[in-house]
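# Structural features, examined
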Number of protein chains: 2
Amino acid sequence: MYRLLNMRSIPENQIPRETVDDRTTKARIRDAAIASIAEYGINGTTARKVAGAAGVSPGLVIHHFGSMEGLRSACDQYVANAIREFKERTMTGGPTLDVLAALRDAPNGPLMGYLAQVLADDSPAVAKLVDDLVDDAEGYIQQGVESGLLKPSDDPRGRAVVLTVWSLGALALHQHLRRLLGTDLTDPGILTDPAAAAYIAPVYEIYGEGILEETFAARARAAFTDNEGAT
Amino acid sequence: MYRLLNMRSIPENQIPRETVDDRTTKARIRDAAIASIAEYGINGTTARKVAGAAGVSPGLVIHHFGSMEGLRSACDQYVANAIREFKERTMTGGPTLDVLAALRDAPNGPLMGYLAQVLADDSPAVAKLVDDLVDDAEGYIQQGVESGLLKPSDDPRGRAVVLTVWSLGALALHQHLRRLLGTDLTDPGILTDPAAAAYIAPVYEIYGEGILEETFAARARAAFTDNEGAT
DNA sequence: CAATAATCTATACATATGTTCAGCCCTTGT
DNA sequence: ACAAGGGCTGAACATATGTATAGATTATTG
């Protein structure tokens, strides 16, 4: 019934690199798992649900990925690679400030939803991805500083970490943002969504001006460098 | 063995308000559940594990809370109330900018860890708590503006939402922050931890100065108000 | 075309988990 | 002291889930 075409001409078990042809049954199972995790979360995603969504038997997902943990790992790595490739492809034209600005118009369906779900409980692949995103952000921010767009920082690395974690944290808490502002960061077509302004406008206001008045900022900085806890 | 004292003189089933005496077996089960969720997550917390940690039988947790979902709901409400009470108690002395600054020195053990775990998958109680935290932040920020500490905003509500979600998102992604900066936001004694500066210093730098150079900020604002998508 | 190997299904098994239930024990009120 | 009622236990039940296995099916290869 669901056996339309079976490109077994490619013995994919012997292919070391993924991301070449990819639309075998194994890939369909992985895509179904990614979509399920993006929609129902990791714990709402069972072997039988994935099998049903992919139109295969439950045993086949184990046959292909060894275990559910293997499937999870494969999804993590696939999504991480997809995000990296997308960034490489779009980041060529000028630096952007945060991660979401780079991934916002990703047409890759549930990628953002998947990332939002797995950011909370860290797998090794997700940790690696976050580390890479921070590294990339640090590079792009440095470019921005050198080209006069961004202010220099006393702690470039720390600032890159904070900005990246803020962006990813907002993605992880997208349900709250959607409830509070009407902006859904996991929406693939968020670039053309006017509701995104409710989130982006305050973000750029903070990025542009900060929130502290100069006198208070100087005082807070002095209090911070000298001592702490002085009310 | 674990039945040291049993204050059954208080028929707690008929007491509408919790947070009065509280250290009955039911309270111990709830606390064990909160600690377990804070450490192992929601899905790593089973009825038997909670029962074992509380020193009771698995059936008793169901007897007291009806179901595991009831236990989860009770934990959500208890933590939300504890956070609200702690804020009320400490917020009297001057406004603070973000949520974490208010909750940072909460001595209530695994409260922050619990919040970090449940922020991702929203329950009604958590959604209500986040809404309240945003409302509080909006009020405190307004006080800060009126007293000259904080800059005014074109969108006070939106700015409060963004700042709150950023703070909570950083809490939800605390493992990444700990890996990247060595700062553990769920650590109860974070106020005295010098490693916290690795996170707080960049935060206050951004809060104080922003990150955009004035010329670029003005240009971005103009491009944003006029149009969008222009590179 | 036959052999072979891989894909895939259907079923079964083991385990974990939520939940229920019959009954014991202990405290409390009379 | 005695009855009573609820806290509490231990075991059992139903279900869901991950995983293994035997066999059927299908495509590829010599």
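The structure displayed is predicted, hence computed values, not measured ones.

### What to know about the packing of helix H7 (residues 124-146) of chain B against helix H8 (residues 156-172) of chain B
Residues and elements named next belong to chain B.
- Relative to each other, H7 and H8 sit at 120°, their axes nearing to 9 Å. Relative to H8, the element H7 is oriented oblique. Seen from above, H7 lies across H8 with right-handed handedness. The segment H7 lies against H8, with Val130, Leu133, Val134, Asp135, Ala137, Glu138, Ile141 and Val145 engaging Arg157, Arg159, Ala160, Val161, Leu163, Thr164 and Leu168.
- Of the residues assigned to the contact of H7 with H8, the class counts are 10 nonpolar, one polar and four charged.

### Concerning the environment of B:Pro152
- As for its position among the elements, B:Pro152 is in the loop between H7 and H8.
- As for B:Pro152 and B:Ile141, which are separated by 11 residues in sequence, their C-alpha atoms are 9.0 Å apart.
- In this structure, B:Pro152 is in contact with A:Glu213, B:Val145 and B:Arg159, ignoring residues within four places of it in sequence.

### Observations regarding the packing of aromatic side chains
- In the structure shown here, the tally under the stated rule is five aromatic pairs over all chains.
- On the numbers, 5.8 Å between centres and 20° between planes, the contact of A:Trp166 with B:Tyr207 is stacked. Residue A:Trp166 is found in helix H8 (residues 156-172), and its partner B:Tyr207 is found in helix H10 (residues 197-209); the two belong to separate chains. Comparing A:Trp166 with B:Tyr207 shows no difference in burial state: the two are buried.
- Among the aromatic side chains, those forming a connected cluster through ring pairs are A:Trp166, A:Tyr204, A:Tyr207, B:Trp166, B:Tyr204 and B:Tyr207.
- The residue whose ring lies beneath A:Lys26 is A:Phe65, and the NZ or CZ to ring-centre distance is 5.4 Å.
- In this arrangement the basic side chain of A:Arg30 is found over the ring face of A:Tyr78, its NZ or CZ atom lying 3.8 Å from the centre.

Each value, and the rule that gives it
Residues numbered from 1 in each chain as written. Chains lettered and ligands numbered in written order. Predicted model: local features only at pLDDT ≥ 70, side-chain atom pairs only at ≥ 80, totals over all residues. Heavy atoms only, no water. Axes fitted to C-alpha atoms, helices over the stretch in contact; angles between N-to-C directions. Helix = DSSP H or I, 4+ residues; strand = E, 2+ residues; numbered from the N terminus. Parallel < 35°, antiparallel > 145°, perpendicular 65-115°, else oblique. Left-handed = near helix turned anticlockwise from the far one by under 90°. Contact = heavy atoms within 4.5 Å. Nonpolar A, V, L, I, M, F, W, Y, C, P; charged D, E, K, R; others polar. Phe/Tyr/Trp six-rings, centres within 6.5 Å; stacked < 30°, edge-to-face > 60°. Buried < 20%, exposed > 50% of the residue type's maximum accessible area, 1.4 Å probe, protein only. Lys NZ or Arg CZ within 6 Å of the ring centre and 35° of its normal.

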